[in-house]
Structure formats: structure tokens, C-alpha cells
Amino acid sequence: QGSLVNTDNSLDLAIDGAGFFQVLLPDGRVGYTRNGSFSRNAEGTLTTPSGYILQPEIQIPDNVTKINISADGIVSVQIAGQVEAEEVGQITLSDFANRSGLQPIGESFVVETGSSGAAAVGNPIEGGFGKLVQGALEGSNVNVVQELVDMIETQRAYEVSSKSISSSDEMMQYINNNI
């Protein structure tokens, strides 16, 4: 889980807790991602920045003045000229028994494998799934400064080991040549 970053875009969604969004990939497989940066395509369907369709498919009409996505995934829209908001869909999340068994395929997508187990699908907030936060995206879960410090420490340890091996080799060579 990375930190949540507010974007104030009504189609940006962050998952606060466990779960993945389901996306239909071009090869027919379902991909899973935590990147909730969605937009509408020409038909009004919610898609990823790459144009892959969110599953289950949600259509948003053209004449919408406001989009509201609740913490439990209900998508409702305010259509121009209407008083009541209209519910247009339900976003579901997926999770896996063994998340480390998922296979990364690029563009922040993963696919299920035999070791990850089958996807458990459910509504946000229910059954251990996280809640949705509208108008926010999940930031990186990596502390860049700490990772850089760790890399420098590792590099220094490698240099020390390399120099000690070189020194030992030189001593052995000296002993071998002079005895």
C-alpha cells in the first residue's frame, strides 16, 4: 500500500486496503492493477490510460454533470436536467491468496498464475477488500532516499570484499614467488 495522493479528478480511484481493479487485456485475459487512473473512451466506457476496459464494464452517459463513486464501489451520475442521481454500475475488486505469485506483465498490470490462485472477486469494503477513495491515486510504496542509501551501502560492501580478495590474492602470489 502506497500513500494516497489527491488529484481531484472524479475518475481517479485509489484502493485503501487490499484488492486490485480488473481490466480486460487485448489478448482476452483479465489483468489486475492498483492504478486507478481511469478515463472515458468515445463510447463512455471506463478505461485505463492504455485504453483497456475496466471490468465489470461501466458506461457513463455523455450529458453527465457529476460522477460520484462511493467507497463501496457504486457509480452514480448526475445527468443534466435530472434531479435524482442515476446509478450506472458497481466497481468490484479482486484479491488473491498468494499475491507474490502474480506475474507482472508491464504497464502496472499483473495476471494470475497457478501459484497465485484464482481471483476472489467482491465489492469494496466487504469481505476484507479495501475501500475506494475517489479523486485520489495511490503513490509509490518505495522510499527513494532509503533505497538509494541501501544501494550505496551495498556498493561499499562489495568494494571492501573485492579489495580484500585482491589483497589476499596479491599476498598469495608474493608468497608463491618468493618461497
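Residues numbered from 1 in each chain as written. Predicted model: local features only at pLDDT ≥ 70, side-chain atom pairs only at ≥ 80, totals over all residues. Heavy atoms only, no water.

Caption draft 1: Highlighting a nonpolar patch on the surface. A cluster of nonpolar side chains, Met-172, Tyr-174, Ile-175 and Ile-179, forms an exposed patch at the surface whose accessible area comes to about 520 Å². Using a relative accessible area of 54% as the deciding quantity, one classes Met-172 as exposed. (Patch = residues over 30% accessible without salt bridge, like charges linked within 9 Å, V, L, I, M, F, W, Y side chains within 5 Å. Areas by Shrake-Rupley, 256 points an atom, 1.4 Å probe, with all protein chains shown as cover. Salt bridge = Lys/Arg side-chain N within 4 Å of Asp/Glu carboxyl O. Buried < 20%, exposed > 50% of the residue type's maximum accessible area, 1.4 Å probe, protein only.)

Caption draft 2: Just the sheet that holds strand 9 (residues 74–79), in detail. The strand order across the open sheet formed by 3 strands is 8-9-10, and the pairing between neighbours is antiparallel. Every interior strand has two partners, whereas the edge strands, strand 8 (64–69) and strand 10 (86–90), have only one. Recorded for the sheet is a direction-independent mean angle of 25° between the axes of neighbouring strands. Bridge count for strand 8 against strand 9 is 5 bridges, and the pairing is antiparallel. Within the sheet, the bridge partner assigned to Asn-68 lies in strand 9 and is Ser-76. (Pairing = 2+ DSSP bridges. Helix = DSSP H or I, 4+ residues; strand = E, 2+ residues; numbered from the N terminus. Axes fitted to C-alpha atoms, helices over the stretch in contact; angles between N-to-C directions.)

Caption draft 3: Main features of unusual backbone geometry. Geometrically, the link from Gln-55 to Pro-56 is a cis peptide bond, its omega value of -5° lying close to zero. Tracing the chain through its elements places Pro-56 in the loop between strand 7 (53–55) and strand 8. Even without being glycine, Ile-125 reaches a positive phi, approximately 75°. You can see Ile-125 is positioned in the loop between strand 14 (120–122) and strand 15 (131–134). Take Ile-125: its relative accessible area is 48%, and that puts it in the partly exposed class.

Caption draft 4: Layout of the pairing of strand 10. With 4 bridges joining them, strand 9 and strand 10 adopt antiparallel strand pairing. Paired with Val-75 across the two strands is Gly-89, which belongs to strand 10. With antiparallel pairing between neighbouring strands as the criterion, strand 9 and strand 10 make up a hairpin whose turn holds 6 residues, including Gly-81 at a positive phi of roughly 90°.

Caption draft 5: Structural view of the nonpolar core. If you look at the biggest cluster of nonpolar residues, it comprises 19 residues, and the most contacted ones within it are Phe-21, Ile-60, Ile-67, Ile-69, Ile-91 and Leu-132. Elements that contribute at least two residues to this core include exactly strand 2 (13–16), strand 8 and strand 9. Excluding residues that lie within four positions of it along the chain, Ile-91 makes contacts with Leu-13, Phe-21, Leu-54, Ile-58, Ile-69, Asp-72, Gly-73, Val-75, Asn-123, Pro-124 and Leu-132. (Core = buried A, V, L, I, M, F, W, Y, C linked by side-chain atoms within 4.5 Å. Contact = heavy atoms within 4.5 Å.)

Caption draft 6: Geometry of the layout of surface pockets. If you add up the space inside the largest pocket, you get close to 240 Å³. Lining the largest pocket we find Gln-1, Gly-2, Arg-34, Asn-35, Gly-36, Leu-137, Glu-138, Gly-139, Ser-140 and Asn-141. Each residue belonging to the lining of the largest pocket can be placed in one class, and the counts come to 1 nonpolar, 7 polar and 2 charged. (1 Å grid on protein atoms, 1.4 Å probe; cavity = no way out; pocket = protein on both sides within 12 Å on 5 of 7 lines; lining within 4 Å. Points joined across faces, edges and corners; volume = space filled by probe spheres on them. Nonpolar A, V, L, I, M, F, W, Y, C, P; charged D, E, K, R; others polar.)

Caption draft 7: Structural detail: the pattern of salt bridges. In total, this model carries 4 salt bridges according to the counting rule given. Its salt-bridge partner being Asp-27, residue Arg-29 comes within 2.8 Å of it at the nearest N-O pair. The partly exposed category is assigned to Arg-29, whose relative accessible area is 39%.

Caption draft 8: Quick peek at the environment of Ser-39. Take Ser-39: it is sitting in strand 5 (residues 39–40). The spatial distance from the C-alpha of Ser-39 to the C-alpha of Ile-53 is 9.8 Å, given a sequence separation of 14 residues. Not counting residues up to four positions away in its chain, the partners in contact with Ser-39 are Leu-11, Thr-45, Leu-46, Thr-47 and Thr-48.

Caption draft 9: Seen up close, the packing of aromatic side chains. In this structure the tally under the stated criterion is 4 aromatic pairs. Ring plane angle 90° and centroid distance 5.1 Å describe the contact between Phe-21 and Phe-38, whose orientation is recorded as edge-to-face. Of this pair, Phe-21 sits in strand 3 (residues 21–24) while Phe-38 sits in the loop between strand 4 (30–33) and strand 5, placing them 17 residues apart in sequence. One aromatic cluster is present, formed by Phe-20, Tyr-32 and Phe-96 through successive ring pairs. (Phe/Tyr/Trp six-rings, centres within 6.5 Å; stacked < 30°, edge-to-face > 60°.)

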